[in-house]
Amino acid sequence: MHHTEQALAAAMREVEEGTIGYLPVSPLELLRERVLSAIEHVPFYRELYAPFGAAPEGADFLPWFERLPVVNKSRLQAAGEARLLSARYKPSELIRRPTSGSTGVPFSLLLDGRVFVFRKWRFQRPHHHLVSKVPEKLTYLFPWDFVVRTPQEDRKLAVDSVQGEAPSPRTPPRAEEREPKAHTTRRSTALPKKTKRHGTDSPPTATRTQGSNKAYTVNSMLPPPELYEALVELEPESLVGFASVIAALARWMEKESLRLPSIRQVWTTSEVLPLEGAEAIRRALACEPLKIYASNEFGFMAWQARKDAPLCVESDRLHLEYLRRDGPEGAREGELARLVVTDLMNDTMPLLRYDIGDVARPCAPIPVTTTFTCASLDGLEGKEADLLQPPDGRSVTTFQVLGAIKDHLPHAQYRFIGLSPERYVMQYVPGVGFDPANLAPTTARLQEILGEGVEVLTHQAESIQREPSGKLRPVVNLDRVAVGVRRRLAEQLGVLHLLGEDARQMAIAAVGSALAKVVPTFRAAAPMDESLELYADLAISSLQFVQLLAALEKELGREIDDEDLLDAELVTVGDLVRFVVSLSRE
C-alpha cells in the first residue's frame, strides 16, 4: 500500500495548497496495489479472481489483469455491501456515496474521506487550467447533495461545529451557506435549510465548502429565475452543471433578454447536451459549451479544453479501458466502445474493471507533462441504454429523436423510451399551449427516423421525473438494459403495461446475449437451437462456464450462487433457458 498512501498524501497536499496537477505515483503500481488488496481483503473479488491464479509481477501483470471479469452496478448490488467492503475498514468510518440509479439499480459506495474530498476537488481542474486559479470564480449547478450527502457526513459536521475543530484529511469538507448580498457565512450541518426571503420560505442561494476549496454550489433544482438571481449575485467566471439545467437556464434568459456578462466558460456534465441546448447556451451565455465527464462512482473523470477537442481522462487516478460493445476485446481508435473503469485510489470498496454503462470512442493519448500521458475519448453518448437501434441495424442518435420531438411537439415535456427494436413510446406531459393535434405528426416523423416496421406509441404521463441524482434522461432504451432490471425500470418509468414481455422470452434473450459474449461462434440474433449441448456442441470449457455465469449475472441483474446451481442440470441451451426462467420467478 506504499504507492496508495503516497498518492493520498499528494492528493491532500493539492487540496490544502489549492493546486491541481497530476499525482507523482505510477498508475500501474496503483492498479496492482488495488488488485492485490482486493484479493486479500474483499470477499467478492477474492472469489471472482480465484480461477485466474496469483497476480504476476512486472510486464506480465497488465495482460493478466485484462483477462479478469468485467463487473457492473447490478452485479455489485447483488453481491451486497458485506462482500464488497474491504475487511481493513469499518463502515462507520467511511463516506456513503449513493450511485445515481440511472439503470434502476442504485447501490451505495463507501469511500475513504480523503478520496471523497479529492474527487470533488478535481472538479475544479477545467476552471483552474483555463479560466482562473481563484476557486470563488467557479459555480456549480448541482443538487445540494453535491455538497452534503449523507447522515454520516451530517453527524460529523455537527460534532465538528460544536467542538470548533478543523476538518481532518480523512473527513469531507464542511459546507457553508452564503446569504444573498451578505459577506458572512454560516455552517450547514445538514442539507441546506430554508431561509426567509421576501416573506416566503425559499431555499438559500448557494453553499460553499471550507478550506482552499471555496467554489459555490447553487441548487440546480431551483427554477431558472432563482438560478439567474443567484448567478447575478455570485458573478462566476466558470459555470459547471447538468446539461439540461444550464440549457433550460439559457433558454429562459434568452426569452427574458437577460445576460450574465461575468461568465467566460461553461462546462456541462452527466447528460447529453442536445444541439438546440448548445445553441441556446452560445446565444445567452456568449461562450462555447464544453464537456465534463463525471459519475457518482468515480467523481470527476475527464474534461474538454476546447470545442471539438477530445476529453482528457484523469489517468493518474483512473484506469480506463475501451472494450468492444459485443465482446471482451479491446476497441480500436475511433470505434464506439464500452467504457470500463478501475478506481486507482478507492481501497475501501474497490471498483475494478467496472462497466460504467457509458459508450464513447477512444482517441490518441494526450501528453499533459513531459513524463505523463492521459487517455482521451470522444463521442461520449451517455448510457449504452440510451442508444436506439431499430431493426435495420442503424444507430439512431439522441439528437435526432429529441430534435424531431422538439420541432413537432412544442409546449410539452417529453421522454422517449425504447421497448424493443420494433416498438417505442413517447411519454409527454402537456404544458400551457399544448395542442393534441401535434401528436400524430410527431409520431410520423419519429417513425420516419426509425425506419419501416417500427411502431411509436404515445403515453401521457403525470410527470417526467428526474433520477435521484437530479439528472434527466430524455431517452432510455429498455431493450439494452439487463433483463433482470428491465421490468423494474419500466415500472419506474410508468411503461410496464406497454412492455409486453413474458418470462420465457426474457430468459431466451438473456441466455442468447450471455452465450454470444462467451462463445465467439454463437450468434444471439439467430433463432436459438435449444437442443445444442453446452460442452459437446458449443465446446464450452470450465473457465468459459464461469464466464457464462458472470455474463448471465450481468443480464439478470443478480448474483447466481451455489444454492441456485445445486439442483440445476445444465447440459443444453434449453436447460440454461429453463434455469433462467426459474431464477426470474424467484
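Scroll up to find the structure this text is about.
To start, this report covers the structure provided alongside it. Nothing here was measured: the structure is a model prediction, and the numbers come from that model.

**As for the overall build of the protein chain**
Item 1. The number of helices and strands found in the protein chain is 20 helices and 23 strands.
Item 2. When burial is assessed residue by residue, the protein chain has 55% of its 586 residues classed as buried.
Item 3. Long-range pairs, those at least 24 residues apart, make up 65% of the contacts in the protein chain between residues at least 6 apart in sequence.
Item 4. Of the accessible surface of the protein chain, which amounts to about 25,000 Å², a share of 52% is contributed by carbon and sulfur atoms.

**Some points on the side chain of E553**
Item 1. Along the polypeptide, E553 turns up in helix α18 (residues 542-556).
Item 2. One polar contact links the side chain of E553 to the main-chain amide nitrogen of I560, over a distance of 2.7 Å.

**Quick word on the environment of R486**
Item 1. Inspection of the secondary structure puts R486 in helix α15 (residues 483-493).
Item 2. On the basis of relative accessibility, which here comes to 4%, the residue R486 falls in the buried class.
Item 3. Residues R486 and M506, spaced 20 residues apart in sequence, show a C-alpha to C-alpha distance of 9.5 Å.

**Points about helix α1 (residues 2-17)**
Each full turn of the α-helix corresponds to 3.6 residues, which orients residues three or four apart in the same direction.
Item 1. Taking 1.5 Å per residue, 16 residues should reach 22 Å; α1 reaches 23 Å between its end C-alpha atoms and fits that length.
Item 2. When we look at burial in α1, the residues that qualify are T4, A7, L8, A10, A11, M12, E14 and V15.
Item 3. Those residues of α1 hidden inside the fold are in contact with α2 (27-41) and α7 (113-121).
Item 4. The first or second residue beyond α1 is G18, which carries a positive phi of 70°.

**Focus on the sheet that holds strand β22 (residues 455-460)**
Item 1. Spatially, β22-β21-β20-β23 is the arrangement adopted by the four strands of the open sheet, whose pairing is mixed. The open sheet has two edge strands, β22 and β23 (475-477), and neither has a second partner. In this sheet, adjacent strand axes meet at a mean angle of 20° when their direction is disregarded.
Item 2. Inspection of the sheet shows strand β21 (residues 423-430) paired to β22 by six bridges, in the parallel sense. For R423, the partnering residue across the bridge sits in β22 and is E455.
Item 3. Across the sheet, helix α14 (residues 439-450) is in contact with β20 (412-420), β21 and β22; its angle to β22 comes to roughly 145°.

**Concerning the packing of aromatic side chains**
Between two aromatic rings, the relevant description is the distance of the centres plus the angle of the planes.
Item 1. Per the stated rule, a full pass over the model turns up 15 aromatic pairs.
Item 2. A centroid spacing of 5.6 Å and a plane angle of 45° characterise the contact between Y22 and F372, whose relative ring orientation is tilted. Residue Y22 is found in the loop between α1 and α2, and its partner F372 is found in the loop between β18 (354-367) and β19 (373-378); the two are separated by 350 residues along the sequence.
Item 3. For the ring pair F123 and F300, a centre distance of 5.6 Å and an interplane angle of 55° mean the geometry is tilted. Residue F123 is found in the loop between α7 and α8 (125-130), and its partner F300 is found in strand β14 (residues 299-303); the two are separated by 177 residues along the sequence. For the pair F123 and F300, one class covers both residues: buried.

**Some words on the nonpolar core**
Item 1. Of all hydrophobic cores here, the largest spans 64 residues; its most connected members are F44, Y45, L76, Y293, L339 and L377.
Item 2. Looking at this core, the element that brings in the most residues is α1, giving six residues.
Item 3. In this view, Y45 contacts A38, V71, L76, P350, L351 and L352; residues no more than four positions away in its chain are not counted.
Item 4. F123, A247, I263 and W267 belong to the second-largest nonpolar core, a separate cluster that totals 45 residues.

**Some remarks on the packing of α1 against α7**
Item 1. At their nearest, the axes of α1 and α7 sit 10 Å apart, and the two run at 50° to each other. Viewed along their axes, α1 and α7 adopt a mutual orientation that is oblique. Where α1 crosses over α7, the two elements pack in a sense that is left-handed. Across from E5, L8, A11, M12, E14 and V15 in α1, the residues of α7 making contact are R114, V115, V117, F118 and W121.
Item 2. By residue class, the composition of the contact of α1 with α7 is eight nonpolar, no polar and three charged.

**Digging into α18**
Item 1. Helix length check: α18, at 15 residues, gives a terminal C-alpha distance of 21 Å against a target of 21 Å (1.5 Å per residue), a fit within 8%.
Item 2. Inspection of α18 places Q544, F545, L548, L549, A550, A551, L552, E553, E555 and L556 among the buried residues, and these make up the whole buried set.

**A closer look at the packing of helix α11 (residues 243-256) against helix α12 (residues 275-285)**
Item 1. The interhelical angle for the contact between α11 and α12, taken along N-to-C directions, is 55°, at an axis separation of 8 Å. With respect to their mutual orientation, α11 and α12 come out oblique. Between α11 and α12 the crossing geometry is left-handed. For the pair formed by α11 and α12, the contact residues are I246, A247, A250, R251, M253 and E254 on the first element and E276, G277, A280, I281, R283, A284 and L285 on the second.
Item 2. Partitioning the contact of α11 with α12 into residue classes produces eight nonpolar, one polar and four charged.

**Some words on the pairing of β18**
The two faces of a sheet get side chains in turn, since along a regular strand they alternate between them.
Item 1. Pairing of strand β1 (residues 71-72) with β18 involves two bridges; the strand directions are parallel. When the sheet's bridge partners are listed, N72 is paired in β18 with D355.
Item 2. As judged from the four bridges shared by strand β17 (residues 337-343) and β18, these two strands associate in the antiparallel manner. When the sheet's bridge partners are listed, A337 is paired in β18 with A360.

**Remarks on the pairing of strand β4 (residues 138-142)**
Item 1. Of all five residues in β4, five are buried; the element is thus mostly enclosed.
Item 2. Neither face of β4 is left uncovered, since the one carrying L138, Y140 and F142 and the one carrying T139 and L141 both have all their residues buried.
Item 3. Pairing of β4 with strand β11 (residues 238-242), which is carried by four bridges, proceeds in the parallel orientation. Within β11, the position partnered with T139 by the bridge is L239.
Item 4. In the sheet, β4 pairs with strand β10 (residues 216-219) via four bridges, with the strands oriented parallel. Each bridged residue has a counterpart across the sheet, and for Y140 the counterpart in β10 is T217.

Procedures and definitions
- Residues numbered from 1 in each chain as written.
- Predicted model: local features only at pLDDT ≥ 70, side-chain atom pairs only at ≥ 80, totals over all residues.
- Heavy atoms only, no water.
- Helix = DSSP H or I, 4+ residues; strand = E, 2+ residues; numbered from the N terminus.
- Buried < 20%, exposed > 50% of the residue type's maximum accessible area, 1.4 Å probe, protein only.
- Contact = heavy atoms within 4.5 Å.
- Areas by Shrake-Rupley, 256 points an atom, 1.4 Å probe, with all protein chains shown as cover.
- Polar contact = N/O pair within 3.5 Å; in protein donor to acceptor, adjacent residues only side chain to side chain.
- Expected span 1.5 Å × (residues − 1).
- Pairing = 2+ DSSP bridges.
- Axes fitted to C-alpha atoms, helices over the stretch in contact; angles between N-to-C directions.
- Phe/Tyr/Trp six-rings, centres within 6.5 Å; stacked < 30°, edge-to-face > 60°.
- Core = buried A, V, L, I, M, F, W, Y, C linked by side-chain atoms within 4.5 Å.
- Parallel < 35°, antiparallel > 145°, perpendicular 65-115°, else oblique.
- Left-handed = near helix turned anticlockwise from the far one by under 90°.
- Nonpolar A, V, L, I, M, F, W, Y, C, P; charged D, E, K, R; others polar.

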